[in-house]
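Letter by letter, the chains look like this.
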Amino acid sequence: MTTPKMTREALREIGEEVRRSMGHAIAPDGSVPTSPEMGTYSTEAIFGSVWSRPGLDRRYRMLATLAALTATRELVELRIYIGTALNGLLTPLEIQEALLQCSPFAGLPAALNATAAMREVFGERGVTLEPPERPYVSIEELERRGRATRERVLGPAGARNPVFDMVPGLRELLWRYPFGEVFHRPGLDTKSRVVCAVAALTALRANTQLGMYAREHARSGLTREELAEVMVQVGPYAGFPQMLNALAILANAAG
């Protein structure tokens, strides 16, 4: 099936409407300013051609965008999109958790830098975020629930992995923290966390791990179309080669 052709002017109008509806970088007079370096590129190519695509709820598109900008450490743009997310797309807690969900994939420093930028935006907007209560969890329980969550999201572990034989305790480390700690934080459901994970992995071109999520996407409630759109959403922010790389992995994934 071919996509109907549209004029650039029509795409620009759609992009301006998408930006206005989200309150994204709107000038005080209500106009949609464009970068003098890029002309109307962002309005036409990003908002008119990507954000307006069917197949993925706008809330998930924002989660994917925040994750991609966190993973690539693009803090200037991240601040702008955090401000947009506050315009009714995400709650403050959801924004925080989208950034922290990237920590196992992009590294803790990337997530901490992102949350520092988040606090600046929250302060400017007068937004307060009380940390949710989190009961103490023993190391044994952390490991147990992490293993269970890993299997629920990515399926049972396959054949023996020589990496874990080479590095004793590594498997347990991965059970405890990415899956036992981060995936169990309040504020985002599993599907939303997987959206953030896939966006970060796409941006980082982490092919092996991306392939695991591509094969098992249905376990977290993501359809193949939704997963493809998460990858497309990352393209304007982390690069179209990263997007195409991820889509190729999805196209070749079984299941």
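Quick summary incoming for the structure in this document.

Reading the values: rules and limits
- Residues numbered from 1 in each chain as written.
- Predicted model: local features only at pLDDT ≥ 70, side-chain atom pairs only at ≥ 80, totals over all residues.
- Heavy atoms only, no water.
- Helix = DSSP H or I, 4+ residues; strand = E, 2+ residues; numbered from the N terminus.
- Expected span 1.5 Å × (residues − 1).
- Buried < 20%, exposed > 50% of the residue type's maximum accessible area, 1.4 Å probe, protein only.
- Disulfide = S-S within 2.5 Å.
- Axes fitted to C-alpha atoms, helices over the stretch in contact; angles between N-to-C directions.
- Parallel < 35°, antiparallel > 145°, perpendicular 65-115°, else oblique.
- Contact = heavy atoms within 4.5 Å.
- Nonpolar A, V, L, I, M, F, W, Y, C, P; charged D, E, K, R; others polar.
- Patch = residues over 30% accessible without salt bridge, like charges linked within 9 Å, V, L, I, M, F, W, Y side chains within 5 Å.
- Areas by Shrake-Rupley, 256 points an atom, 1.4 Å probe, with all protein chains shown as cover.
- Salt bridge = Lys/Arg side-chain N within 4 Å of Asp/Glu carboxyl O.
- Phe/Tyr/Trp six-rings, centres within 6.5 Å; stacked < 30°, edge-to-face > 60°.

### Comments concerning helix α11 (residues 190-204)
Alright, step 1. Along its 15 residues, α11 runs 21 Å from first to last C-alpha, staying within 8% of the 21 Å computed at 1.5 Å per residue.
Alright, step 2. Burial analysis of α11 places 13 of its 15 residues in the buried class, which makes it a mostly covered element.
Alright, step 3. Just beyond α11, the residue with positive phi is Arg 205, at close to 55°.

### Re unusual backbone geometry
Alright, step 1. A positive phi angle is found at Arg 73, which is not glycine, with a value near 60°.
Alright, step 2. Looking at where Arg 73 falls in the secondary structure, it is placed in the loop between α3 (58-71) and α4 (75-85).
Alright, step 3. Here the phi dihedral of Arg 205 falls at roughly 55°; this positive angle occurs in a residue that is not glycine.
Alright, step 4. Structurally, Arg 205 is set in the loop between α11 and α12 (207-215).
Alright, step 5. Taking relative accessible area as the criterion, Arg 205 reaches 43% and is therefore assigned partly exposed.

### Focus on the state of the cysteines
Alright, step 1. Enumeration according to the criterion identifies 0 disulfides in this entry.
Alright, step 2. Cys 196 supplies the cysteine sulfur nearest to Cys 102, a cysteine that is in no disulfide, at a spacing of 5.9 Å.
Alright, step 3. The class of Cys 102 is buried, set by a relative accessible area of 1%.

### A closer look at the packing of helix α8 (residues 139-154) against helix α10 (residues 170-179)
Alright, step 1. It is at 7 Å that the axes of α8 and α10 come closest, and there the two elements cross at 80°. The orientation of α8 relative to α10 falls into the category roughly perpendicular. Two secondary-structure elements touch here, α8 through Ile 139, Leu 142, Glu 143, Gly 146, Arg 147, Thr 149, Arg 150 and Leu 154 and α10 through Glu 172, Trp 175, Arg 176, Tyr 177 and Phe 179.
Alright, step 2. Looking at the contact of α8 with α10 residue by residue, the classes come out as 6 nonpolar, 2 polar and 5 charged.

### Quick notes on a nonpolar patch on the surface
Alright, step 1. Together, Met 38, Tyr 41 and Phe 240 make up a nonpolar patch on the protein surface, roughly 290 Å² of accessible area in all.
Alright, step 2. With respect to the helices, strands and loops of the structure, Met 38 is situated in the loop between α1 (8-22) and α2 (41-51).

### Quick word on the side chain of Ser 220
Alright, step 1. Tracing the backbone shows Ser 220 in the loop between α12 and α13 (224-238).
Alright, step 2. The residues contacting Ser 220, other than those within four sequence positions of it, are Thr 190, Lys 191 and Val 194.

### As for the environment of Met 243
Alright, step 1. Mapped onto the secondary structure, Met 243 falls in helix α14 (residues 240-252).
Alright, step 2. Accessibility expressed as a relative area gives 10% for Met 243, which makes it buried.
Alright, step 3. Excluding residues within four positions of it along the chain, Met 243 makes contact with Thr 202, Met 231, Val 232 and Gly 235.

### A word on the packing of aromatic side chains
Alright, step 1. Across all of its chains, the model carries 4 aromatic pairs by this definition.
Alright, step 2. Geometrically, the ring pair formed by Phe 47 and Trp 51 is stacked, given 6.0 Å between the ring centres and 20° between the ring planes. Here Phe 47 pairs with Trp 51, and both are found in helix α2, just 4 residues apart, close to one helical turn. For the pair Phe 47 and Trp 51, a shared accessibility class is recorded, and that class is buried.

### Notes on the pattern of salt bridges
Alright, step 1. Scanning the model with the defined rule gives 14 salt bridges in all.
Alright, step 2. Put simply, Glu 120 and Arg 79 hold a salt bridge, and the shortest N to O gap is 2.8 Å. Here Glu 120, found in helix α7 (residues 108-125), pairs with Arg 79, found in helix α4; they are 41 residues apart in sequence, far enough to count as distant.
Alright, step 3. Within this structure, Arg 8, Arg 12 and Glu 44 form a network of salt bridges that share partners.

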